[in-house]
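Listed below, chain by chain, are the residues.
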Amino acid sequence: MSPAPRAGTVALVGRPNAGKSTLMNRLLQEKVAIVSDKPQTTRHRLVGILSSERGQVVFYDTPGVHRPLHRMNKQMVHHAGEALAEADVVCLLVDVSKAAGKGDAFMLDLVRRAAGPKVLLLNKIDLVSKPSLLPRIDHYSKAADFREIVPISARTGDGLERVMEVLWELLPEGPPLYDPELLTIHPERFLAAERIREKVLELTHEELPYSTAVVIDRWEDDDERGLTRIYAQILVERAGQKAIVVGRQGSMIKSIGTAARLDLEAFLERRVYLDLHVREQPGWREDRRILADLDRNVYTG
Ligand SMILES: Nc1nc2c(ncn2[C@@H]2O[C@H](COP(=O)(O)OP(=O)(O)OP(=O)(O)O)[C@@H](O)[C@H]2O)c(=O)[nH]1
Ligand SMILES: [Mg+2]
């Protein structure tokens, strides 16, 4: 007899850049969350749904926990805290290629307070030697009550079978929470805006990745021509930032636009006309209304 199906929520939490979004995408075998080499990429609680004959795992990919300096960042950290408190199982991801610091101690403290079972995922083992993991494992096994400590590489897939095994064992028995056909609950518009933001993150540096947001203004499906027209704005905070995103004779915005359009065409499986406009919006990261608008798009189309 096959075991009773299981279903529940799993929060992926950790410091910025630990590899949470990479891990969720890898486990889902689909790109739901955008990924970048800059910290603070994920800004909301993202839902990724994995359904199989064993049941359903609903992943919460969360913003990396950091010391928030803007209203937006406070919200980010709040989203992570909420996911942590609500999930059936908490997975703490740690980047083992970096030395543990104060931020890690703070993160451990948050995780320790979660009620449900906790699992520690030591990520990026492709970057370090195996023996160097041993003192880390020893440290964390004393620091919190982890049901399991699994060394993984979200990039290569190393250790992920074990992760799934552990999660299935820890999740409660029960029916699926969502339609098993669903991969995520986020509307296409939000996922498209994120993909555009991913290209901004990829192609810009310094403070720009932190101070940009993407807003979709208009979305027109032209079924006759098999084309979707997307009009989007890239918000920046200052005139100098706008100049960088636009680039010399528009070269940067053109590169962002081309990369984003190709990605959107593959994602939407149709031709895309993408119109990008850079808008200076001083202090948007503090602006309640703008933040609320950005937030709303995450869950409703
Ligand atoms: N070498 C290596 N790189 C990894 C691995 N997992 C993630 N990365 C890289 O680490 C960087 C951060 O990955 P993300 O998945 O965006 O990290 P995150 O934890 O979601 O980050 P935030 O959303 O900013 O909190 C990216 O450049 C990834 O390609 C891994 O196992 N090995
Ligand atoms: Mg992320």
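Residues numbered from 1 in each chain as written. Chains lettered and ligands numbered in written order. Predicted model: local features only at pLDDT ≥ 70, side-chain atom pairs only at ≥ 80, totals over all residues. Heavy atoms only, no water.

Enquirer: Help me understand the overall build of the chain, please; the structure alone is not making it clear to me.
Expert: Within the chain, the secondary structure is distributed over nine helices and nine strands. For 301 residues, the compact-globule formula gives about 19 Å, and the C-alpha radius of gyration of the chain, at 20 Å, lands near that figure. Along the first, second and third principal axes, the C-alpha atoms of the chain reach 55 × 45 × 35 Å. Taken across its 301 residues, the chain has 51% of its residues classed as buried. Within the chain, contacts between residues at least 6 apart in sequence are counted, and of these 71% link residues at least 24 apart. With an accessible surface of roughly 14800 Å², the chain has 50% of that area assigned to carbon and sulfur atoms. (Helix = DSSP H or I, 4+ residues; strand = E, 2+ residues; numbered from the N terminus. Rg over C-alpha atoms; globule rule 2.2 N^0.38 Å. Buried < 20%, exposed > 50% of the residue type's maximum accessible area, 1.4 Å probe, protein only. Contact = heavy atoms within 4.5 Å. Areas by Shrake-Rupley, 256 points an atom, 1.4 Å probe, with all protein chains shown as cover.)

Enquirer: I would appreciate a short explanation of the sheet that holds strand E9 (residues 271-280) in the present structure.
Expert: What holds strands together in a sheet is hydrogen bonding between their backbones, with the strands either parallel or antiparallel. The mixed open sheet is built from three strands, whose spatial order is E7-E8-E9. The open sheet has two edge strands, strand E7 (213-222) and E9, and neither has a second partner. Geometrically, the sheet is characterised by an average inter-axis angle of 15° between neighbouring strands, direction not taken into account. The pairing of strand E8 (residues 227-236) with E9 spans 10 bridges and is classified as parallel. From the neighbouring strand, Ile230 faces E9, where its bridge partner is Leu274. Against the sheet, helix H6 (residues 188-203) contacts E7, E8 and E9, and its axis sits at roughly 125° relative to E7. (Pairing = 2+ DSSP bridges. Axes fitted to C-alpha atoms, helices over the stretch in contact; angles between N-to-C directions.)

Enquirer: Can you walk me through the coordination of the magnesium ion (ligand 2) in this structure?
Expert: Tetrahedral coordination by four donors places them ideally at 109.5 degrees to one another around the metal; octahedral coordination by six donors ideally gives 90 or 180 degrees. Within the first shell, the magnesium ion (ligand 2) binds the protein through Ser21 (OG) and Thr42 (OG1), at distances of 2.0 to 2.1 Å. In this pair, Ser21 is assigned in helix H1 (residues 20-28) and Thr42 in the loop between H1 and strand E2 (46-52), connecting sequence segments 21 residues apart. What makes Thr42 buried here is its relative accessible area of 7%. (Donors = N, O, S within 2.8 Å, 3.2 Å for Na, K, Ca; no water.)

Enquirer: Please explain the pairing of strand E3 (residues 55-61) as it appears in this structure.
Expert: Look at any regular strand and the pattern is simple: side chains alternate between the two faces of the sheet. Judged by how many residues are buried, E3 sits mostly within the fold: seven of seven residues are covered. Across seven bridges, strand E1 (residues 6-14) lies against E3 in parallel orientation. Each bridged residue has a counterpart across the sheet, and for Leu12 the counterpart in E3 is Asp61. With seven bridges joining them, E2 and E3 adopt antiparallel strand pairing. By the bridge assignment for E3, Leu50 is matched with Val57.

Enquirer: Looking at this structure, how should I read the pattern of salt bridges?
Expert: Opposite charge on two side chains lets them pair, provided their charged atoms get close. Counted under the stated rule, the structure contains 25 salt bridges. The closest approach of N and O atoms between Arg238 and Glu207, which form a salt bridge, is 2.9 Å. Placement of the pair is Arg238 in the loop between E8 and helix H7 (239-246) and Glu207 in the loop between H6 and E7, with a sequence separation of 31 residues. Among the residues examined, Arg238 registers a relative accessible area of 46% and is labelled partly exposed. With relative accessibility at 33%, the residue Glu207 sits in the partly exposed group. Put simply, Lys31, Arg195, Glu198, Lys199 and Asp263 are held in one network by salt bridges that share partners. (Salt bridge = Lys/Arg side-chain N within 4 Å of Asp/Glu carboxyl O.)

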